Amino acid sequence: MDAVCVSRYHRHQPSEHQCSSCVMNHIKAPVDIVWSLVRRFDQPQKYKPFVSRCIVQGDLKIGSVREVNVKSGLPATTSTERLEMLDDQEHILGVKFVGGDHRLKNYSSIITVHPDVIDGRAETKVIESFVVDVPDGNTQDETCYFVKALINCNLKSLADVSERMAMRGLVSTSQPPTLR
């Protein structure tokens, strides 16, 4: 299943001055709980530990832009991000960074959420892939390592939050907005 998911949804075409990679994580919670967090383009701070605040400009729809404030400890304070894809049927979220004071230029990511069953329990496989420019002074390996470390941290936090929600029997604490 991993190879099929990656080849179907996570095909990036990096140029020679970009890097691209993919990270997978299993979460011990049902797909509806995990997706209820991932799909919240307007509230990434629900599970992303480096986001302190997020403001979406206008209605939530493809093309919507969010202004994200980043917590200290990272080499950035803001990021401007556009919603590229949100598919509630296939559980796909696509985001592109379009501004901010960070070094992740032309960053684009796709995150997919897939139901899985392990030992008879409903679990979830999350796959996140990205492509990004390699900043001057860095190598492709250094850039990929840094981005993958951030994604791994976000996915670990997503697992922690989702698994706590599953233990409490919660789906979501607030109704997610629907696309217009």
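Residues numbered from 1 in each chain as written. Predicted model: local features only at pLDDT ≥ 70, side-chain atom pairs only at ≥ 80, totals over all residues. Heavy atoms only, no water.

A. Up close: the nonpolar core. Formed by 34 residues in total, the largest nonpolar core has its most connected members in Val34, Val38, Leu93, Tyr107, Val126, Phe130 and Leu158. Those elements that provide at least two residues to this core are strand 1 (18–27), helix 2 (31–38), strand 4 (78–87), strand 5 (92–100), strand 6 (108–118), strand 7 (121–133) and helix 3 (140–168). Among the elements that take part in this core, helix 3 stands out by supplying eight residues, more than any other. In contact with Leu158, other than residues within four places in its own chain, are Ile27, Val34, Leu37, Val38, Tyr47 and Val126. (Core = buried A, V, L, I, M, F, W, Y, C linked by side-chain atoms within 4.5 Å. Buried < 20%, exposed > 50% of the residue type's maximum accessible area, 1.4 Å probe, protein only. Helix = DSSP H or I, 4+ residues; strand = E, 2+ residues; numbered from the N terminus. Contact = heavy atoms within 4.5 Å.)

B. Focus on the pattern of salt bridges. Per the counting criterion, the structure on display carries six salt bridges. With its nearest N and O atoms 2.9 Å apart, the salt bridge here joins Asp160 to Lys156. Placement of the pair is Asp160 and Lys156 together in helix 3, with a separation of four residues, close to one helical turn. Here Lys156 falls in the partly exposed class, since its relative accessible area comes to 49%. (Salt bridge = Lys/Arg side-chain N within 4 Å of Asp/Glu carboxyl O.)

C. View of the packing of aromatic side chains. A full pass over the atoms with the stated rule returns two aromatic pairs. For the pair Tyr107 and Phe130, a centre-to-centre distance of 6.1 Å together with 15 degrees between the ring planes defines the contact as stacked. In this pair, Tyr107 is assigned in the loop between strand 5 and strand 6 and Phe130 in strand 7, connecting sequence segments 23 residues apart. Relative accessible area serves as the criterion here: at 5%, Tyr107 is assigned to the buried category. One aromatic cluster is present, built from ring pairs that chain together Phe97, Tyr107 and Phe130. (Phe/Tyr/Trp six-rings, centres within 6.5 Å; stacked < 30°, edge-to-face > 60°.)

D. View of the packing of helix 2 against helix 3. Contact geometry for helix 2 and helix 3: axes closest at 9 Å, N-to-C directions at 130 degrees. Between helix 2 and helix 3, the angle falls in the class oblique. Relative to helix 3, the crossing made by helix 2 is right-handed. In this structure, helix 2 contributes Ile33, Val34, Ser36, Leu37 and Val38 to the contact, and helix 3 contributes Leu158, Val161, Ser162, Met165 and Ala166. (Axes fitted to C-alpha atoms, helices over the stretch in contact; angles between N-to-C directions. Parallel < 35°, antiparallel > 145°, perpendicular 65-115°, else oblique. Left-handed = near helix turned anticlockwise from the far one by under 90°.)

Spatial relationships are all this shows, so hold off on functional conclusions.
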